[in-house]
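Coordinate analysis (summary)
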Amino acid sequence: IAAPSGCGDQRVGQLQPLVLPQLGQAWQLPARTMWTPHCMHIGASIGLSTPRAGVLSSTVGATAPLCIPAASSSTDGTLFAGTSGKGILRFKQNATGWVRMQQGLKDHEGMIENFIRVLAIDREQGIYAGTFDGGVFRSGDGGSSWKAISRALPNDSIRGIVIIDEGLIVATGNGIFKTIDKGRQWAPLNKGLTNLSIQVMTGGGTGPLYAGTSSG
């Protein structure tokens, strides 16, 4: 299977059955599935990356090959998958398949953003979606509707989202920024960075924050 653009080098997964008790669903890493640590490309099933068990898939409702750069879950067990080209998909417990969020993520220019790079959920169960070149969006109703919250940022290419106790930190192609009011105002966190082209960011909570740039 040819991998979609942007999925990087591929490796062949081995069959590793796994049950996630919180979902009541059987998940597995399929044989002959092309995958990377950040993306899975499969035909009859859909893949998700989880901190607990790596890259998994469930044969529920996916009918076309998908690249899944991002995934997250809410406290009620609902799964959200950010795709490269198909927007955001949702899978609720006891559902028969994945549902594409039809409202879409419309940026300030009226364009629908279907390429999702990052997903994160805060303790209020607000969902944040970082897009490839359309900024950050927030949903307060489980993904049914979305609002753009990052127009004040200097760059719309979102490379990372970290939830912290007092708000949100976002990495972009031109620096790292923090908001404590759901995107109404943003403060730069770039002191000490020698390169503002952020490629990845992790950490948060009450611990340290780590960022990788295009120069290391």
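In this text the structure is predicted, and so the values were computed from the model without any measurement.

1. A closer look at the packing of aromatic side chains
- Across all of its chains, the model carries two aromatic pairs by this definition.
- Where Phe115 meets Phe132, the ring centres are 6.2 Å apart and the plane angle is 75°; that geometry is what we call edge-to-face. You can see Phe115 sitting in the loop between strand 12 (99–100) and strand 13 (116–121) and its partner Phe132 sitting in the loop between strand 14 (127–131) and strand 15 (136–139), a full 17 residues away along the chain.
- For Phe115, a relative accessible area of 42% gives the class partly exposed.
- The exposure class assigned to Phe132 is partly exposed, which follows from its relative accessible area of 28%.

2. Quick word on the pairing of strand 15
- Residues Val136 and Arg138 line one face of strand 15 and the alternating positions Phe137 and Ser139 line the opposite face, and both faces are buried.
- Two elements, strand 14 and strand 15, share four bridges in a ladder whose sense is antiparallel. Within the sheet, the bridge partner assigned to Gly130 lies in strand 15 and is Val136.
- As consecutive antiparallel partners, strand 14 and strand 15 are separated by four residues, and within that stretch Gly135 has a phi angle of approximately 85°, a positive value.

3. With respect to the pattern of salt bridges
- This structure, assessed with the given rule, holds four salt bridges.
- Close ionic contact of Arg138 with Asp122 constitutes a salt bridge, the shortest N to O distance being 3.6 Å. Taken as a pair, Arg138 in strand 15 and Asp122 in the loop between strand 13 and strand 14 lie far apart in primary sequence, 16 residues in all.
- Its relative accessible area of 11% is what places Asp122 among the buried residues.
- One salt bridge connects Arg138 with Glu124, and the closest N-O pair in it is separated by 3.8 Å. Placement of the pair is Arg138 in strand 15 and Glu124 in the loop between strand 13 and strand 14, with a sequence separation of 14 residues.
- The structure contains a network of salt bridges with shared partners spanning Asp122, Glu124, Arg138 and Lys182.

4. Observations concerning the sheet that holds strand 13
- Strands sit in the order 13-14-15-16 across an open sheet of four strands; the sheet is antiparallel. Edge strands, defined here as strands with exactly one partner in the open sheet, are strand 13 and strand 16 (147–148).

5. Quick word on unusual backbone geometry
- For Gln125, which is not a glycine, the phi torsion comes out positive at approximately 70°.
- Turning to its location among the elements, Gln125 is positioned in the loop between strand 13 and strand 14.
- For Gln125, a relative accessible area of 25% translates into the label partly exposed.
- Its identity as a non-glycine residue notwithstanding, Lys182 has a phi of 60°, on the positive side.

Cut-offs and rules
- Residues numbered from 1 in each chain as written.
- Predicted model: local features only at pLDDT ≥ 70, side-chain atom pairs only at ≥ 80, totals over all residues.
- Heavy atoms only, no water.
- Phe/Tyr/Trp six-rings, centres within 6.5 Å; stacked < 30°, edge-to-face > 60°.
- Helix = DSSP H or I, 4+ residues; strand = E, 2+ residues; numbered from the N terminus.
- Buried < 20%, exposed > 50% of the residue type's maximum accessible area, 1.4 Å probe, protein only.
- Pairing = 2+ DSSP bridges.
- Salt bridge = Lys/Arg side-chain N within 4 Å of Asp/Glu carboxyl O.

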